[in-house]
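# Residue-level structural notes
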Amino acid sequence: MSDQKPPSAPPPFGEVSRRSFLRNSAILASGAAALAASLAPLRELSNYTSVELFLQKHYKELTPAEMQKVLDRIAREVEQQYHIRPRVRDYKPMDGVEFVYCLNLTRCIGCRKCVHACVAENNQSRNPEIQYIRVLKMPHGSLDMERADHNYAPASVPEKGFFYMPVQCQQCKNPPCVKVCPVKATWQEPDGITVIDYDWCIGCRYCEAACPYFARRFNWTKPSIPKERLNPEMSYLGNRPRRQGVMEKCHFCIQRTRQGKYPACLEVCPAGARKFGNALDPESEVAYILKNKRVFIQLKEELGTSPRFFYYFDV
Amino acid sequence: MSLRTKIRNYFVFLWRCARIAFAGDSRYYAWMGFLSIIILLGINAYAKQFVHGLIVTGMSDQVSWGVYIANFTFMVGIAAAAAMLVIPVYIYNNKELHDLVIFGELLAVAAILMCLAFVAVDLGRPDRFWHLIPGIGKFNFPGSMLSWDVIVLNGYLLLNVHICGYLLYCRYLGKTPAKWFYIPFVFLAIAWAVSIHTVTAFLYVGLGGRPFWNSSIVGPRFLASAFTAGPALIILALQVIRRVTDYHIHDRALLTLRSIVQVSMLINVFLLVNEIFKEFYTRTSHVASSRYLYFGLHGHHALVPWIWVAIIFNLVSMTLLVLPLSKSLRYLNVACVLAITGIWIEKGMGLVVPGFIPTPLGEMVEYSPSLNETLVCLGIWAFGILCYTIFLRMSIPILQGRLSRANEGLPDVHLVNAR
Amino acid sequence: MQFICEMSATVKTNWVLRVLTALFLGLAMAFLCNGWGYSAKLFPIPLVDTNFISTATVRMSAADLIRSGGDTSDFECYACHERNKPFKLKFDAEGDVLVPKEHANIVMGHGRHHRNNNCFNCHDETNLELLQTRDGRHLKISDSPALCGSCHGPTYRDWEAGVHGRTSGYWKRDLGPIDRKVCTSCHNPHSPPFPSRQPAPGPHPLHPAVDGKLIARSES
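Residues numbered from 1 in each chain as written. Chains lettered and ligands numbered in written order. Predicted model: local features only at pLDDT ≥ 70, side-chain atom pairs only at ≥ 80, totals over all residues. Heavy atoms only, no water.

All right, on to the overall build of chain B then. From N to C terminus, chain B includes 14 helices and 0 strands. Its C-alpha atoms give chain B a radius of gyration of 22 Å, within 12% of the compact-globule value 22 Å for 419 residues. Principal-axis analysis of the C-alpha atoms places the extent of chain B at approximately 70 × 55 × 40 Å. Taken across its 419 residues, chain B has 63% of its residues classed as buried. Taking the contacts inside chain B whose residues are at least 6 apart along the sequence as the reference set, 76% of them involve residues at least 24 apart. Approximately 15800 Å² of chain B is accessible, and the part contributed by carbon and sulfur atoms is 72%. If the 30 positive side-chain charges of chain B are averaged to one point and the 18 negative ones to another, these points end up 9 Å apart. (Helix = DSSP H or I, 4+ residues; strand = E, 2+ residues; numbered from the N terminus. Rg over C-alpha atoms; globule rule 2.2 N^0.38 Å. Buried < 20%, exposed > 50% of the residue type's maximum accessible area, 1.4 Å probe, protein only. Contact = heavy atoms within 4.5 Å. Areas by Shrake-Rupley, 256 points an atom, 1.4 Å probe, with all protein chains shown as cover. Lys, Arg positive; Asp, Glu negative; His and termini not counted. Charge placed at Lys NZ, Arg CZ, Asp CG, Glu CD.)

Here is the structure:
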């Protein structure tokens, strides 16, 4: 810091410099103390990241050996936190498969079982709550989302005069969320599933703004999953526990469907309203629906996103 | 002159600039101390956000951007507006504004620094910032408008740092700047200024799922409002400079800026009218967000008072600017303050938040910034103002010739009391 | 203020710096005490009842009961009825069948008309442990789809394609078995409309304290 001397009457040199030195040290020290103290909340930081995680490469650049190391790291971290040894795998897409989901609006009764089966299968945070599926209660005769009720809680469903429309990631062929991601942390796989590399996402939430279906969810804080509800069958792009500050969303239960199983939301549906399969297989249920059911809707078709999620009716 | 001397001279220049930033009278210390305290409050609030996550803000999955991005958008406009000082000087050879160009560009530098800070605090994983660095990370260019924004903002920062730094250093050395070394950059910066704000508008415009933003008029409106608020802020800043230093700024310069603000404000209000007409006359289902903003929707109307205040401020400011009354500085100042406030509301909260309400699935969740979020914002504002103060503290003595190569040997005493 | 104005520049500067030093120290203390801002507490959200994540169908079909070794006594008709003795149905004035008190658990509600109010439309009157179709085929009690399909053609066609009702297990047949639910896994044959049920809890907002009043919007 420079000395403060009125040019008209300079005081004796030594005295001022000593006094000003003390004064300057005092203000510098107090300023530094305040700066250090302002960082006090960082004391509570635990398990935010690790050297391995910080330096980890993008999913598509990992060699099989590196991927194995990453999977081991994830298993280790899960075991440390939950004292359960998970089975973490990286399932690859199958050749000749394009997943499609069909949902029968005539059958859905709005029981929200799919919502909670999904939460259980995919290790979503229970508090704050992260849910991939939103069930809309809509008055008969309208698809106007603005008239939808998200928080219905009657004694029993279905209610007269309404139909129910579960909405989750539509796995668009032309996904706006993928286009806007500045770091390619989300992309479309060959089997049609749009996935997120939770270890690459920077949490800018641009994809959340871009999604026309309110399908993406952000980890606003550390997710919390009760130990007894942890699903230990995990996959890298799927249901492994996420960290604070990253996006997640429905991935058609990649850890189930890439092993040939049906997704969890389908398995729990009491009304059989949900149908899933390989659209490229003419014998599949979804191929039958797309061929034989006359009325089906792709939500917000006018946006050109071309969802792989079809709503249909029994007529 | 040998290369060694040149390098030595440059470092002496930097060292003297750094020293002078810490030297001033009691008012300077009080002002800098005040800003530091606000910055510390901001740092503390950000530390909490870093630990607990963005849950400490008022944002949610429904309204996933808030005041951070709103302020970011506004500040990009302020930065772009520096071009409005440069154009008259370099294209129309306006002498009044010549020396003031530096002040405008320094404001742009401070504004860009604020922009970068606002984006950084909005990130959920700031530790993964390096994923955004082209070459090292995985940059989604040209697909993502955000990657364009990273390029144009940092490019604009470098351009302005180069132009200001070079001109000031030449002044310090007492030599005439080599035209080829800055004039091309000046013209590039003019085009670039338009591009930073257009790209920022495209961030919103490109989202088909958000009809409130998916409108081609957003880009032009951004430019018009930026070229209103930016020069208005410079008018105020120049008067502050004139008052607290002995740097002479002629009223004529302020009045030149007034005519820029005047025209931009007229265009801004005209474009606003266009937007409102299109939304409310056609009344498609896409009007929901606008209805929420201007009149409230389904019993939710948090933004209604704000937007009407903004509209009234804009209209009063426009009226004042059009009337000859505002040739008096007192009224001009009132008009500028109203314009800046009005545009900050309209373009920040009034643009970002209603885009999310109702959600694409028709849910109504409102947003209001939390205390913690507000402290972070105030901290960044204070940081920007602190940067601008320091830039002025360095540049004014250089422009006045008080700080120069010629007086290198002298103590910097005479600088301190430049009021 | 008078006092401040009279001070010399140096004294004023010293004074400002002293005040700032004090303010910085005060601020440091306040930061350490964490006097304001965010508290890490979240509003509790009860864990959802595991019934809501059970994959069980709404009822057990005869086939399910037999397979799981459950109580099939309901299907042992001749524990009470007498073999080879013709059984006479009684009807009320409206033409609705009168359900005997031994079968009081049966609610007759198949279809919106009275024509289906006859037990022997589906049960074989000569052998109560069998089902019979309108075209005279006799079916085991666990073979509901063929019976239902004899009237509900389009639905049966969808069911055969795996599109009506739930198909569980593996979408890729060569990787694992599929589990076809039958009609009576979900529909009560005597009263087939799908039963209503309690819905699982709805979503909880991220900021309930802030927008508790903002979030609830029910049009029902």
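Now, onward.
Okay, empty space enclosed by the protein next. Throughout the structure, instances matching the rule amount to 15 cavities of 30 Å³ or more. By volume, the largest cavity amounts to about 200 Å³. In terms of lining residues, the largest cavity is bounded by 18 residues, among which A:Glu129, A:Arg134, B:Asp61, B:Gln62 and C:His204 are the most central. Considered class by class, the residues forming the lining of the largest cavity number 9 nonpolar, 4 polar and 5 charged. (1 Å grid on protein atoms, 1.4 Å probe; cavity = no way out; pocket = protein on both sides within 12 Å on 5 of 7 lines; lining within 4 Å. Points joined across faces, edges and corners; volume = space filled by probe spheres on them. Nonpolar A, V, L, I, M, F, W, Y, C, P; charged D, E, K, R; others polar.)

Here we take up the side chain of A:Ser142. Residues and elements named next belong to chain A. Examined against the element boundaries, Ser 142 turns out to sit in the loop between β3 (134-139) and β4 (162-167). Classification of Ser 142 by relative accessible area gives buried; the value is 12%. A distance of 3.0 Å separates the side chain of Ser 142 from the backbone nitrogen of Asp 144, its partner in a polar contact. When neighbours within four sequence positions are excluded, Ser 142 is seen to be in contact with Arg 147 and Phe 163. (Polar contact = N/O pair within 3.5 Å; in protein donor to acceptor, adjacent residues only side chain to side chain.)

Before going further, it helps to spend a moment on the interface of chain A and chain B. One widely used convention gives an interface's size as the accessible area the parts lose upon coming together. At the junction of the two partners, chain A supplies 67 residues and chain B supplies 63 residues. Across the chain A/chain B interface, buried area totals approximately 5500 Å², and carbon plus sulfur atoms make up 59% of it. Considering only the side of chain A, the residues that lose the most area to chain B are A:Glu146, A:Tyr206 and A:Trp220, jointly responsible for 14% of the buried surface there. For the pair chain A and chain B, the interface holds 3 salt bridges. Here chain A and chain B share 32 residue pairs in polar contact (both at pLDDT 80 or more) between them. For the side of chain A that touches chain B, the secondary-structure elements that each account for two or more residues are α1 (13-38), α2 (51-55), β3, α5 (176-180), α6 (206-210) and β7 (217-218) of chain A. (Buried area = accessible area lost by both parts, 1.4 Å probe. Salt bridge = Lys/Arg side-chain N within 4 Å of Asp/Glu carboxyl O.)

A separate point is the layout of surface pockets. Residues and elements named next belong to chain B. Of the volumes computed, that of the second largest pocket is approximately 830 Å³. Listing elements by their share of the lining of the second largest pocket, those giving two or more residues are α2 (26-52), α3 (67-80), α5 (100-122), α8 (218-244) and α13 (371-400). Per-element accounting of the lining of the second largest pocket gives the leading share, 10 residues, to α13. The residue makeup of the lining of the second largest pocket, split by class, is 24 nonpolar, 5 polar and 4 charged.

We now examine the environment of A:Ile84. Residue and element names in this part refer to chain A. For Ile 84, the location among the structural elements is in the loop between α3 (64-82) and β1 (87-89). Among the residues examined, Ile 84 registers a relative accessible area of 23% and is labelled partly exposed. Along the sequence, Ile 84 and Asn 231 sit 147 residues apart, while their C-alpha atoms lie 9.5 Å from each other. Not counting the four nearest positions on each side in its chain, Ile 84 is found in contact with Val 78, Glu 79, Lys 227, Leu 230 and Pro 232.

On to the sheet that holds strand β12 (residues 309-312) of chain A, then. What holds strands together in a sheet is hydrogen bonding between their backbones, with the strands either parallel or antiparallel. Residues and elements named next belong to chain A. Taking strand neighbours across the sheet as the criterion, the 4 strands line up as β10-β2-β12-β11 in an open arrangement whose pairing is mixed. Taken across any chain shown, the strands that pair with only one partner, and hence form the sheet edges, are β10 (274-278) and β11 (296-297). Alignment of strand β2 (residues 99-104) against β10, held across 5 bridges, turns out to be antiparallel. Paired with Val 100 across the two strands is Gly 277, which belongs to β10. Docked against the sheet, helix α9 (residues 285-292) engages β2, β10, β11 and β12, running at close to 105° with respect to β10. (Pairing = 2+ DSSP bridges. Axes fitted to C-alpha atoms, helices over the stretch in contact; angles between N-to-C directions.)

What follows deals with the interface of chain A and chain C. Every contact between the two is made by 71 residues of chain A and, on the other side, 58 residues of chain C. Summed over both sides, the interface of chain A with chain C buries roughly 5600 Å², with 59% coming from carbon and sulfur. When the buried surface of chain A facing chain C is broken down by residue, A:His116, A:Arg229 and A:Tyr288 rank first, second and third, together holding 10% of it. Here chain A and chain C share 2 salt bridges between them. A salt bridge links A:Lys293 to C:Asp158; the shortest N-O distance between them is 2.5 Å. Linking chain A to chain C there are 23 residue pairs in polar contact (both at pLDDT 80 or more). For the side of chain A that touches chain C, the secondary-structure elements that each account for two or more residues are α1, α4 (113-121), β3, α8 (264-268), β10 and α9 of chain A. If you tally residues by element for the side of chain A that touches chain C, the top one is α1(A), at 10 residues. Of the residues belonging to the side of chain A that touches chain C, the class tally is 33 nonpolar, 16 polar and 22 charged.

By domain assignment, chain C separates into domain 1 (1-29) and domain 2 (58-186). On a C-alpha basis, the centres of domain 1 of chain C and domain 2 of chain C stand 92 Å from each other. (Domains from an automatic or database assignment.)

Now for the pattern of salt bridges. Tallying each qualifying case throughout the model produces 36 salt bridges over all chains. Two residues, A:Arg258 and A:Asp191, come together in a salt bridge whose shortest N-O distance is 2.8 Å. Of the two residues, A:Arg258 is situated in the loop between α7 (254-257) and α8 and A:Asp191 in the loop between β5 (186-188) and β6 (194-196); the sequence distance between them amounts to 67 residues. Taken as a pair, A:Arg258 and A:Asp191 share a single burial class, namely buried. The partner of B:Arg221 in a salt bridge is B:Glu346, with the nearest N and O atoms 2.8 Å apart. With B:Arg221 in helix α8 and B:Glu346 in helix α12 (residues 329-352), this pair connects stretches of sequence that are 125 residues apart.

All names here are of chain B. Across its 19 residues, helix α11 (residues 304-322) extends 27 Å between first and last C-alpha, which sits within 8% of the 27 Å expected from 1.5 Å per residue. All buried positions along α11 are accounted for by Val 304, Ile 307, Ala 310, Ile 311, Asn 314, Ser 317, Met 318, Leu 320 and Leu 321. The inward-facing, buried residues of α11 contact α9 (251-282), α10 (288-294) and α12. (Expected span 1.5 Å × (residues − 1).)

Turning next to the packing of α2(B) against helix α2 (residues 9-33) of chain C. Direction vectors running N to C along α2(B) and α2(C) enclose 10°, while the axes themselves pass 9 Å from each other. Judged by the inter-axis angle, α2(B) sits roughly parallel to α2(C). Counting all contacts with α2(B), which are made through B:Ser26, B:Tyr29, B:Ala30, B:Gly33, B:Phe34, B:Ser36, B:Ile37, B:Leu40, B:Leu41 and B:Asn44, the residues of α2(C) involved are C:Lys12, C:Thr13, C:Val16, C:Leu17, C:Leu20, C:Leu23, C:Phe24, C:Leu27 and C:Phe31. Among the residues making up the contact of α2(B) with α2(C), the classes are represented as 13 nonpolar, 5 polar and 1 charged. (Parallel < 35°, antiparallel > 145°, perpendicular 65-115°, else oblique.)

Bringing the pairing of β2(A) into the picture now. Side-chain direction in a regular strand flips from residue to residue, so the side chains alternate between the two faces of the sheet. All names here are of chain A. Of all the 6 residues making up β2, 6 are buried; the element is thus mostly covered by neighbouring parts of the structure. Covered by surrounding structure in β2 are Phe 99, Tyr 101 and Leu 103 together with Val 100, Cys 102 and Asn 104, the residues of both alternating faces. Relative to β12, β2 runs parallel, the two being bridged by 4 bridges. When the bridges of β12 are listed, Leu 103 appears paired with Tyr 311.

This part is about unusual backbone geometry. All names here are of chain A. With omega at -5°, the peptide bond leading from Asn 127 into Pro 128 counts as cis. Inspection of the secondary structure puts Pro 128 in the loop between α4 and β3. Residues Val 157 and Pro 158 are joined by a peptide bond in cis, for which omega reads -5°. Relative to the helices and strands, Pro 158 resides in the loop between β3 and β4. The phi angle at Arg 205 is positive, at roughly 65°, despite the residue not being glycine. Note that Arg 205 resides in the loop between β6 and α6. At Lys 300, a residue that is not glycine, the phi angle is positive and equals roughly 50°.

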